[in-house]
Amino acid sequence: MYNLAESFSDEIWFNVLEWDFFPRDTLGKPLVRSADSIGANIAEGFGRFHFKENKNFCYFSRWSLIETKGWITESENKKANFGR
C-alpha cells in the first residue's frame, strides 16, 4: 500500500506542476499535501510499536485519501486542468 500511495502522490505532484500559477497556489498546494500525507501516515504507523497506534495511523491515511479525493473533485469542478 505504501508504494501505491507514493506512486499516486508522485502522479499528483507532476500533474499539479503543469497548472497555471493561481490554481496551483490555491488548489494544488493542499492537494499535494493531502496526497503526500497518505503515504506518510502509512509509514509512520508502520514504525509504531503498538498495533493500536498503527491502526490509528491507518485511519489518518484513510482520511487523507478522502481529503485528496475532495481536492481532486474541487479542482475538476473549477477546471484546474487536472490530469492534462
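As the structure is a computational prediction, the values presented were derived from the model and not from experiment.

Further remarks concern helix α2 (residues 21–46). Counted at 1.5 Å a residue, the expected span for α2 with its 26 residues is 38 Å, and the 36 Å between its end C-alpha atoms agrees. The largest bend in α2 amounts to roughly 45° and is located at G28, with the proline P30 lying one to four residues further along. Structurally, α2 contributes buried residues whose contacts are with α1 (2–17) and α3 (51–77).

With that out of the way, let us pick up the nonpolar core. The biggest cluster of nonpolar side chains holds eight residues, and these are I12, V16, W19, L27, L31, V32, A35 and I72. Contributing elements (two or more residues each) for this core: α1 and α2. For this core, the leading source of residues is α2, giving four residues.

This part takes up the pattern of salt bridges. As enumerated under the stated definition, the model contains two salt bridges in all. Taking the shortest distance from any N to any O, the salt bridge between K29 and D25 comes out at 2.8 Å. Note that K29 and D25 are positioned in helix α2 at a spacing of four residues, about one turn of the helix. Looking at K29, the relative accessible area reads 42%, which means it is partly exposed. As a salt-bridge pair, E74 and K78 come within 2.8 Å of each other at their nearest N and O atoms.

Procedures and definitions
- Residues numbered from 1 in each chain as written.
- Predicted model: local features only at pLDDT ≥ 70, side-chain atom pairs only at ≥ 80, totals over all residues.
- Heavy atoms only, no water.
- Helix = DSSP H or I, 4+ residues; strand = E, 2+ residues; numbered from the N terminus.
- Expected span 1.5 Å × (residues − 1).
- Bend = angle between axes of the 7 residues up to and from the residue.
- Contact = heavy atoms within 4.5 Å.
- Core = buried A, V, L, I, M, F, W, Y, C linked by side-chain atoms within 4.5 Å.
- Buried < 20%, exposed > 50% of the residue type's maximum accessible area, 1.4 Å probe, protein only.
- Salt bridge = Lys/Arg side-chain N within 4 Å of Asp/Glu carboxyl O.

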